[in-house]
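Notes for the structure review
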Amino acid sequence: MPSPSRRTVLATGSAVGGALLAGGMPAQARAADHADTSDSDPWRTVLDDADLVWQRMPKTWYEGPYLGNGFLGSGIYAEPGAETKAVRFNVQHSEVQDHRPEFGSLFGLARLPIGWFTLEPVGAITGLDWRLGLRDAELTGTLTTDKGTLTLRALVHNSRSVLAVEVTPSEGERDFRWVFHPADAISPRADFKPLPDGYQGNPPAEVAEHDGVSTAVQPLLSGGQHVTAWRERTRGGTRCLYVHVAHSYPKSTALGRALTTVRGASALPYDRLAGTHRAWWHAYYRKSFLSLPDARIQRFYWIQLYKTASAARRDAPVMATSGPWLESTPWPNTWWNLNVQLEYWLIHGSNHLELDAVTRALSEFRGNLSKEVSDRYRADSLGIPRTTDPHLVNGAAGTLTGYGVGIPGQDPPTPEVGNLTWALHNVWLSYRHTMDESILRDVLFPLLRKAINYYLHFLEPGADGKLHLPATFSPEYGGNSRDCNYDLMLLTWGCRTLLESAELLGIKDALAPRWREVLAQRAPYPTDANGFMIGADIPFAKSHRHYSHLLAVYPLYELTGRTPDELALIEKSLAHWVGFEGALQGYTFTGAASMSALLGKGEDALTYLGQLMTRFIQPNTMYKESGPVIETPLSAAQSLHDMVCQSWGGVVRVFPALPAAWADLTVHDFRTQGAFLLSAVRGGGVTRWVRLVSEAGAPCVVRHGIAGAIDVRDGRGRPLRYRAVSDGTIQVALREDESVLITARGERPDLTIAPVRPNADAPRWGLPA
């Protein structure tokens, strides 16, 4: 896949860091980094306010600080069973996995645990005061014991991929120590499910010393190795631990790379490492800005941006269920029937396409996707199973070891066939938010063509003259159904997108008539008195956390309530879905919030987010079901996006679903479909101004939400011609890099980007006193 355009990767937009006015208009875009040390810097204000704090000892993954760079991750909490004696710094890595496909993605290709360091004070731990500073992506604070104090700073370096922990002990704690504990290199699923026949764990790690650098070399039965290397350096009154993890397969080259990295990093004092690390993070946050008057949710939002960049990078593996912070879990790999999609949605609006591993991985490993469908379909079809490793390999299929794509109308294996098409919707979102034609031409169109082709093999005309699908599986309801809504909805979106893409690319595809036939003749979505069914054979009749039967509503926006009947169907289906308690989980409420936002129901959306926060979100904003998973908090950030801005259907909708309590709100450089950067301010319950910068010269239609007569001006303050599309919606012709400012007639508002005042105080995330 060719590299995306510069605007796709950088996408810095214009930073209106202060009152950049010229006759009431924005001045020429300029960087806001000059404000880094200023008390008036809006980014610093919101980020410092969002820092997590700990004044009580975290005891689990769900409570403690976490550091990462998409590859190396460290979760920090008390050593289990020794809470007053040691603090655990986990060491895990998103590339470290097994390579035995004969045991499937859940065992033979699973992510493997690496180990952990314990920080062991001289005395018994009596207290702590820690802060996870989002702006610097750094943990700082003190650990108090009955012998003294340990003052620490810790980070996972952005580019060197080194965990650095600097500790300054008081006199009574000078003899504290670090101890590394290698983990058993076995699939974490072994704690939850029986081992497949013939499967055994890898041999123990081999601990050794190499000229002042310690190593734990983990040989793999498949060949290859992963290596943890560490070194402690003393400078004055401080001691700094440097840790790196390397993985190699099938060769055993990780040892050499790990030693080289640790030696290079340990030659630098902590402050030297921190300088370049902080610079990356400061620039990262400045790509967008959001402030709203709910202090708890605003802090939560900025923590999700921190979490995402700690867990995802374009060149890192697609996020597994627990990100780089692997723990004991029944889900030790990458899940494609919801998790991946939800994990990456927030990168679009927040203007962080540099984190898009999904587009990169689907393109890079497309050759493996043909191997996931049955032999007879591989020539022209692709699929992705429920679970894969980072290379999109599933291995052996079976309920114990993994889940294959399956064949419509047959079982076993379970005919779960829509996951690739849904994943490609994420790729389509990346295209639409950048208008980078290489994504459309080189990735989306060729892969979607073959994903839809798989469906076309099985569509058959029925007695009603409509095209029907044999029985397929709707995640995660249970049972197979003809005309399954999950698949009919994805098939419809896929055919429509292929036709639109072919037109944009100037391609005359021989399959276009067939795609048109599907759109015209496919069976209607099965419904009953309660709304959308799972499929023609299965009503929605029990509690179900997944909204697989509602994808045409969200996130596909194929059905949006354009007619009274369609609106009634959506409302009825949504109410029926969330009306069954029992199996509902966190992402049920993020999906319900986004669907409510689609309908313009901001109060309902906020209520659903409130239930999520109260019932499911953990102290450090992580999330759990029967094991650690991270997609739900990240998708909650997208639900917030959907309340603030929507851009489906070629229309940018500003503040479409805000609750009354959010009378003041500021958004800056929010990325929308069409490759626009949106800035807007709401004050006193009224939208004060809206600004759009066009990166690609795409058609610009905006529902601005400003009541009454308006002024529409260009980047130099001159009146700009526009066409009223409907009440509150206008169309403006913008070329690439041109901008439009919309205000109430005669208004010259202050264009300062600044945080809004919270409606009330709220506790910080973490474990405050």
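Note that the coordinates shown come from a computational prediction; the quantities given were computed from them, not determined experimentally.

Describing the overall build of the chain
For the chain, the helix and strand inventory stands at 18 helices and 38 strands. Computed over its C-alpha atoms, the radius of gyration of the chain comes to 26 Å, within 12% of the 27 Å expected for a compact globule of 769 residues. Principal axes of the C-alpha set define a box for the chain whose edges measure 75 × 70 × 45 Å. Within the chain, the proportion of its 769 residues that are buried is 63%. When contacts within the chain are restricted to residue pairs at least 6 apart in sequence, long-range pairs at least 24 apart make up 68% of them.

Considerations on helix H17 (residues 602-615)
Between its first and last C-alpha, H17 extends 20 Å over 14 residues, near the 20 Å set by a 1.5 Å rise per residue. Every buried residue of H17 is accounted for by Gly602, Ala605, Leu606, Tyr608, Leu609, Leu612 and Met613. For H17, the buried positions fall inside an angular range of 160° around the axis, keeping them on one side. Those residues of H17 that are buried lie in contact with helix H6 (295-311), helix H15 (564-578), helix H16 (586-598) and helix H18 (631-644).

Considering empty space enclosed by the protein
In total, this model carries 7 cavities of 30 Å³ or more according to the counting rule given. Here the second largest cavity is characterised by a volume of approximately 70 Å³. Along its surface, the second largest cavity is lined by Gly70, Ser94, Arg111, Ala311, Pro317, Val318, Met319, Ala320, Gly323, Pro324, Thr334 and Pro390. Residue classes in the lining of the second largest cavity are distributed as 7 nonpolar, 4 polar and 1 charged.

Comments concerning unusual backbone geometry
Omega for the bond connecting proline 412 with proline 413 falls within 30 degrees of zero, at -10°, which places this linkage in the cis form. Following the sequence through the fold, proline 413 ends up in the loop between strand S19 (387-388) and helix H11 (419-434). Cis rather than trans, the peptide bond between tyrosine 554 and proline 555 has omega equal to 10°. A positive phi angle, near 55°, is found at serine 161, a position not held by glycine. Following the sequence through the fold, serine 161 ends up in the loop between strand S10 (148-156) and strand S11 (163-169). Of the residues examined, serine 161 reaches a relative accessible area of 9% and is grouped as buried. Unlike most non-glycine residues, aspartate 483 shows phi in positive territory, near 45°. Mapped onto the elements, aspartate 483 comes out in the loop between strand S23 (480-481) and helix H13 (485-505).

Looking at the environment of arginine 299
Within the secondary structure, arginine 299 is located in helix H6. Accessibility expressed as a relative area gives 10% for arginine 299, which makes it buried. Along the sequence, arginine 299 and glutamate 566 sit 267 residues apart, while their C-alpha atoms lie 36 Å from each other. Setting aside residues no more than four positions away along its own chain, arginine 299 makes contact with Asp49, Ala50, Ala762, Pro763, Arg764 and Trp765. Within the local environment of arginine 299, its side chain forms a polar contact with the backbone oxygen of proline 763, the two atoms lying 3.4 Å apart.

Examining the sheet that holds strand S36 (residues 729-732)
With mixed pairing, 5 strands are arranged side by side in an open sheet as S28-S29-S33-S36-S35. The open sheet has two edge strands, strand S28 (645-646) and strand S35 (722-726), and neither has a second partner. Judged from the 4 bridges that link them, strand S33 (residues 700-703) and S36 form a sheet pairing that is antiparallel. Bridge pairing in S36 places valine 702 opposite isoleucine 730.

Focus: the side chain of glutamine 92
Relative to the helices and strands, glutamine 92 resides in strand S6 (residues 87-93). Polar side-chain contacts of glutamine 92 include one of 2.9 Å to the backbone nitrogen of isoleucine 114. For glutamine 92, the contacting residues outside a window of four places in its chain are Phe71, Leu72, Gly73, Arg111, Leu112, Pro113, Ile114, Gly115, Pro324, Trp325 and Leu326.

Overview of the confidence of the model for the chain
This prediction gives the chain a mean pLDDT of 93; 94% of its residues lie at or above 70. Note on residues 1-38: pLDDT under 50 across the span, and 90 contacts to partners over four residues away in sequence or across chains.

A closer look at the pattern of salt bridges
Two side chains that carry opposite charge are able to pair once their charged atoms sit near each other. Inspection of the entire model under this criterion finds 33 salt bridges. Lysine 287 is the salt-bridge partner of glutamate 354, the closest N and O atoms lying 3.4 Å from each other. Residue glutamate 354 is located in the loop between helix H8 (346-349) and helix H9 (357-364), and its partner lysine 287 is located in the loop between helix H5 (270-285) and strand S17 (289-291); the two are separated by 67 residues in the primary sequence. Here glutamate 354 and lysine 287 have matching classes, each one buried. In this structure, a network of salt bridges that share partners links the residues Arg135, Asp136, Glu138 and Arg278.

Points about the packing of aromatic side chains
One pass over the structure, following the stated rule, counts 37 aromatic pairs. In textbook terms, an aromatic cluster arises when at least three aromatic residues are bridged by ring pairs, as seen for Trp43, Tyr66, Trp280, Trp281, Tyr284, Tyr285, Phe289, Tyr301, Trp302, Tyr306 and Trp325. We note arginine 296 situated over the ring of tryptophan 765; from NZ or CZ to the ring centre the distance is 3.4 Å. One Lys or Arg, lysine 542, reaches over the ring of tyrosine 477 and ends 4.6 Å from the middle of that ring.

Definitions and cut-offs
Every chain's residues receive numbers from 1 upward, in the order its sequence appears when written. Totals for whole chains, interfaces and linings use all residues, but because this is a predicted model, local features are given only for residues with pLDDT of at least 70 and pairs of side-chain atoms are given and counted only at 80 or more. Heavy atoms throughout the structure, all of them, feed into the side-chain values; hydrogens and water do not. Only runs of H or I of at least four residues qualify as helices and only runs of E of at least two qualify as strands under DSSP, and these elements are numbered from the N terminus. We compute the radius of gyration from the C-alpha atoms alone; for a globule the expected value is 2.2 Å times N to the 0.38, where N is the number of residues. Accessible area is worked out with a 1.4 Å probe on protein chains only. A residue is then buried under 20% of its type maximum, exposed over 50%, and partly exposed in between. In this description, contact between two residues means that some pair of their heavy atoms is separated by no more than 4.5 Å. Residue count minus one, scaled by 1.5 Å, sets the expected span of a helix. The arc in question is traced by the directions running from the helix axis to the C-beta atoms. Using a grid of 1 Å spacing that covers the protein atoms alone, one calls a set of points a cavity when a 1.4 Å probe fits there but cannot get out, and a pocket when the set is open and has protein on both sides within 12 Å along at least five of seven lines; lining residues are those with an atom within 4 Å of a point. Grid points are joined across faces, edges and corners, and a volume is the space filled by probe spheres set on the points. Residues are grouped as follows: Ala, Val, Leu, Ile, Met, Phe, Trp, Tyr, Cys and Pro are nonpolar; Asp, Glu, Lys and Arg are charged; every other residue, Gly included, is polar. Under this definition, polar contacts are N or O atom pairs within 3.5 Å; protein pairs additionally need one hydrogen-donor-capable and one acceptor-capable atom, and for neighbouring residues in sequence, both atoms have to be side-chain atoms. For two strands to be treated as a pair, DSSP must find no fewer than two bridges joining them. For every residue, the predictor assigns a confidence score, pLDDT, that lies between 0 and 100. For salt bridges, the criterion is a side-chain nitrogen of Lys or Arg within 4 Å of an Asp or Glu carboxyl oxygen. Note on aromatic pairs: the rings of Phe, Tyr and Trp (six-membered ring only in Trp) are paired at centre separations within 6.5 Å, and the planes decide the class, stacked below 30 degrees, edge-to-face beyond 60, tilted for the rest. We count a charge as sitting over a ring when the NZ of a lysine or the CZ of an arginine lies within 6 Å of the ring centre and within 35 degrees of the ring normal.

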